[in-house]
Amino acid sequence: MNTNTKMDVTIVGGGMITEMQILPSVYQLQRMGTVNDISICALNAPPLEKIVKNETLHRAFPGQTFKPYPDFHQVSAKENFPDLYQEVVSSMKPRNIVMIALPDQMHYNSVLYALEHDQHILSVKPLTLNYNQAHEIERLAFERGLFVGVEYHKRFDDRVGMARMKYRAGDFGEFRVGMATLIEPWYYRDSNFQNWCTTENSDMFTYIGCHYVDQVHMITGLLPARVSVYGSVETYPNGNKGYLWTTGRVIWENGACLTVINGMGYPNVGPGGNSQGIWLFTQGEKDGGLLFHDDQYRGIKHSYIRKGNDPGESFYNEPSPDYFKLIERGGDGLTPVGYGYRSIEAIVNAIGRVENYGGDDLEKRQEMIKTIDGEGIIATPANSSFNELVIEAGRMSILNDGRDVVIEYGENPHVHF
Ligand SMILES: NC(=O)c1ccc[n+]([C@@H]2O[C@H](COP(=O)([O-])OP(=O)(O)OC[C@H]3O[C@@H](n4cnc5c(N)ncnc54)[C@H](O)[C@@H]3O)[C@@H](O)[C@H]2O)c1
């Protein structure tokens with residue numbers, strides 16, 4: 001690892017992504033000596049108590065703990081603490097790390113707050129829901145020499161890295177038409193999603209479609225130019241409404257077209273954790289090329305003689321070894337493997353590069369931030385704000401029954417019908 005000094009980490013948000021990917025990755029970095037103290041802030045106590053009682057985490061990281069805010073021993077389960085994370089972040093020593101794992105529409109305020117309190121940032125995707133907010137974050141972070149990494153973990157799936165090198169070497173020719181799909185499980189409808197992934201805040205294209213839009217850019221380097229998204233409004237178990245099935249069409253600067261199909265409805269009895277993958281058809285002068293990634297079925301078939309009772313558990317399974325798994329690698333506990341871990345490690349490493357190179361010298365920290373922006377491997381506000389433009393365009397389109405929205409770049413990037 002790169003950091004000379006151990007860094008404290010505050011994770012803001014104690015939901016699914018924190019429990020299954022971020023915290024175990026940060027525990028591993030703590031085990032390896034990169035991370036010092038870990039705190040987690042949630043809106044209320046129940047999700048924190050759930051994480052503390054997670055048996056898999058105990059087995060994987062024996063003896064490792066975090067400080068919960070609020071402390072579930074002290075407060076009632078019903079009490080909410082929406083501003084407590086601000087107290088925790090403002091009491092951190094400068095230039096440590098805040099990881100934002102809040103609902104999509106809360107990223108902007110919380111990232112700004114952490115930057116104003118001199119912290120480096122890892123934010124789950126999407127960074128913000130519009131371009132101006134992402135640009136403001138970019139400016140403030142650069143001014144202060146703070147690194148912001150947006151956690152698009154599919155960038156660290158090795159098959160994407162392979163495709164990027166082949167495409168950029170010219171071996172595929174030019175992308176012309178493609179299709180990507182990511183359908184999350186039906187049982188997500190019963191989770192906290194029904195409280196925030198609702199029509200006024202987000203939709204399945206915004207929540208999950210952005211991964212494949214980002215991936216096409218990661219592979220091809222192309223920028224998206226036009227977006228339209230159709231969504232069908234469905235009712236969650238609690239009566240809230242959400243765009244739970246969406247179809248997006250993204251036209252790229254070279255005229256290529258990507259259809260993105262998203263939903264919250266992969267069968268609970270299905271063998272995978274979700275349904276996902278991408279087809280890209282490309283062309284050269286004399287022949288067509290293609291790239292096909294089945295990102296759900298990765299060649300493993302398991303049929304168990306017993307199963308647990310959690311939603312989505314089934315006897316016949318096609319597990320993916322590639323996103324995030326805790327496995328035995330010798331030594332105490334279990335070791336996280338997969339692109340979910342590599343992505344968190346890469347962003348923490350990047351923060352280490354900025355600190356080790358620059359230290360208290362602002363200009364040198366800025367120089368390293370520019371270098372990492374230029375590498376284009378980690379998504380940053382400076383190199384991936386096309387994602388915010390796509391999300392802004394997508395929201396505008398879905399709220400207007402799928403009208404086409406154009407993205408303008410240049411001096412003043414913006415979107416319009
Ligand atoms: N594939 C991916 O990259 C991926 C996957 C899952 C989630 N995510 C992103 O992660 C984010 C969170 O998703 P999730 O699945 O963990 O959601 P979740 O609904 O399970 O968790 C949200 C958490 O935010 C906390 N929270 C809400 N208001 C708060 C406040 N004021 N202060 C502190 N905590 C507060 C809640 O307590 C809850 O623990 C979303 O932006 C989502 O898009 C990304």
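Residues numbered from 1 in each chain as written. Predicted model: local features only at pLDDT ≥ 70, side-chain atom pairs only at ≥ 80, totals over all residues. Heavy atoms only, no water.

As for the overall build of the protein chain
Selection rule: Going along the chain from the N terminus, every DSSP run of H or I of four or more residues is numbered as a helix, and every run of E of two or more is numbered as a strand. Each radius of gyration reported is based on C-alpha atoms, and the globular scaling rule is 2.2 Å times the count of residues to the power 0.38. Three exposure classes are used, based on accessible area relative to the maximum for each residue type with a 1.4 Å probe and protein chains only: buried under 20%, partly exposed in between, and exposed over 50%. By the convention used here, residues are in contact when the closest approach between their heavy atoms is within 4.5 Å. Values of accessible area rely on a 1.4 Å probe in the Shrake-Rupley scheme; residue burial ignores everything except the protein chains shown. In summary, the charge assignment counts Lys and Arg as positive and Asp and Glu as negative, without counting His or the chain termini. All charge positions are set by atom: Lys at NZ, Arg at CZ, Asp at CG, Glu at CD.
Summing up its helical and strand segments, the protein chain has 12 helices and 18 strands in all. At 21 Å, the protein chain has a C-alpha radius of gyration in line with the 22 Å of a compact globule built from 417 residues. A principal-axis box enclosing the C-alpha atoms of the protein chain has dimensions of 65 × 60 × 45 Å. Scored against the burial criterion, the 417 residues of the protein chain give a buried share of 55%. The contacts in the protein chain between residues at least 6 apart in sequence include a share of 70% that link residues at least 24 apart. Summed over its atoms, the accessible surface of the protein chain is roughly 18,200 Å², and 50% of this surface lies on carbon and sulfur atoms. Counting 37 positive and 51 negative side-chain charges, the protein chain places the averaged centre of each group 4 Å from the other.

A word on the domain arrangement of the protein chain
Spelled out, the test is: Where each domain begins and ends is defined by an automated method or by a domain database. Accessible area that two parts lose when put together, evaluated with a 1.4 Å probe and summed over both, is termed the buried area. Should a side-chain nitrogen of Lys or Arg be within 4 Å of a carboxyl oxygen of Asp or Glu, the pair is scored as a salt bridge.
According to the domain assignment, the protein chain contains domain 1 (7-154 + 333-381) and domain 2 (158-322 + 390-398). Its C-alpha centre places domain 1 at a distance of 24 Å from the equivalent point of domain 2. At the junction of the two partners, domain 1 supplies 19 residues and domain 2 supplies 23 residues. Across the domain 1/domain 2 interface, buried area totals approximately 1,800 Å², and carbon plus sulfur atoms make up 55% of it. The interface formed by domain 1 and domain 2 includes 1 salt bridge.

What to know about the pairing of strand S7 (residues 174-185)
The line we're drawing: At least two bridges found by DSSP between two strands is the condition for calling them paired.
Bridge count between S7 and strand S11 (residues 275-283): 9 bridges; the pairing is antiparallel. Paired with Met 179 across the bridge in S11 is Trp 279.

What about the sheet that holds strand S5 (residues 120-124)?
Cut-off, in case you're wondering: Lines fitted to C-alpha atoms define the axes, with helix axes restricted to the stretch in contact, and inter-axis angles between N-to-C directions lie between 0 and 180 degrees.
Read across the open sheet, the 6 strands follow the order S3-S2-S1-S4-S5-S6; overall the sheet is parallel. What marks the edges here is a single partner per strand, and that holds for strand S3 (67-69) and strand S6 (148-151). Adjacent strand axes in the sheet meet at a mean angle of 20°, parallel and antiparallel pairs treated alike. With 5 bridges connecting them, strand S1 (residues 7-12) and strand S2 (residues 35-41) associate as parallel partners. Paired with Met 7 across the two strands is Val 35, which belongs to S2. Relative to the sheet, helix H5 (residues 107-116) contacts strand S4 (97-100), S5 and S6, its axis offset from that of S5 by approximately 165°. Where helix H10 (residues 339-358) meets the sheet, its contacts fall on S1, S4, S5 and S6, and the angle it forms with S5 comes to roughly 160°.

Some details on unusual backbone geometry
Of the consecutive residues Tyr 69 and Pro 70, the connecting peptide bond is found in the cis state with omega at 0°. Inspection of the secondary structure puts Pro 70 in the loop between S3 and helix H4 (84-90). Here the residue pair Lys 125 and Pro 126 is connected by a cis peptide bond, since its omega of -15° sits within 30 degrees of zero. Residue Arg 95 is not a glycine yet carries a positive backbone phi of 60°. Tracing the backbone shows Arg 95 in the loop between H4 and S4. Overall, Arg 95 belongs to the buried group, its relative accessible area being 18%.

Concerning the environment of Asp 203
Defined as follows: Nitrogen and oxygen atoms within 3.5 Å of one another constitute a polar contact, given that in protein one can donate a hydrogen and the other can accept it, and given that sequence-neighbouring residues count only through two side-chain atoms.
Of note, Asp 203 is situated in the loop between helix H8 (193-196) and helix H9 (204-220). Residues Asp 203 and Lys 286 lie 83 residues apart in sequence; the distance between their C-alpha atoms is 40 Å. In this structure, Asp 203 is in contact with Cys 197, Tyr 243, Thr 246, Arg 395 and Ile 398, ignoring residues within four places of it in sequence. Within polar-contact distance, the side chain of Asp 203 engages the backbone nitrogen of Phe 205 at 3.0 Å. Within the local environment of Asp 203, its side chain forms a polar contact with the side chain of Arg 395, the two groups lying 2.7 Å apart.

Notes on the site of the ligand
Rules: Only heavy atoms are used to decide nearness, and a residue is near a molecule or strand if one of them lies within 4 Å of it. Each residue gets one of three labels, nonpolar for Ala, Val, Leu, Ile, Met, Phe, Trp, Tyr, Cys and Pro, charged for Asp, Glu, Lys and Arg, and polar for the others, Gly among them.
As a structural note, the neighbourhood of the ligand is formed by 25 residues, with Gly 14, Leu 102, Asp 104, His 107 and Asn 192 the closest of them. His 211 has a polar side-chain atom sitting 3.0 Å from a nitrogen atom of the ligand. Look at the ligand: alone it shows 840 Å² of surface, and the protein chains cover 93% of it. Going through the elements one at a time, helix H1 (16-31), H8 and H9 are the ones with two or more residues in the shell around the ligand. Residue composition of the shell around the ligand, grouped by class: 16 nonpolar, 7 polar and 2 charged. Viewed by domain, the shell around the ligand spans two of them, domain 1 (7-154 + 333-381) and domain 2 (158-322 + 390-398), each represented by three or more residues.

Some details on the pattern of salt bridges
Following the criterion strictly, the structure yields 19 salt bridges and no others. Put simply, Asp 157, Arg 159, Asp 295, Arg 298 and Asp 322 are held in one network by salt bridges that share partners.

Quick look at helix H2 (residues 45-52)
The condition that has to hold: By definition, the arc is the one covered by directions from the helix axis to the C-beta atoms.
By the burial criterion, the buried members of H2 are Ala 45, Leu 48 and Ile 51. Projection of H2 onto a plane perpendicular to its axis shows the buried side chains occupying an angular sector of 125°, all on one side. On its buried face, H2 sits against H1, S2, helix H3 (55-60) and S3.

Focus: a nonpolar patch on the surface
Our working rule: A residue counts toward a patch only above 30% relative accessible area and without a salt bridge, and it is joined to like-charged neighbours within 9 Å or, for Val, Leu, Ile, Met, Phe, Trp and Tyr, to nonpolar neighbours within 5 Å.
On the surface, Val 177, Met 179, Ile 261, Trp 279, Phe 281, Leu 290 and Phe 292 cluster together into a nonpolar patch covering about 600 Å² of accessible area. Elements with a minimum of two residues in the nonpolar patch: S7, S11 and strand S12 (288-294). The residue Met 179 is located in strand S7 in this model. For Met 179, a relative accessible area of 37% corresponds to the partly exposed category.

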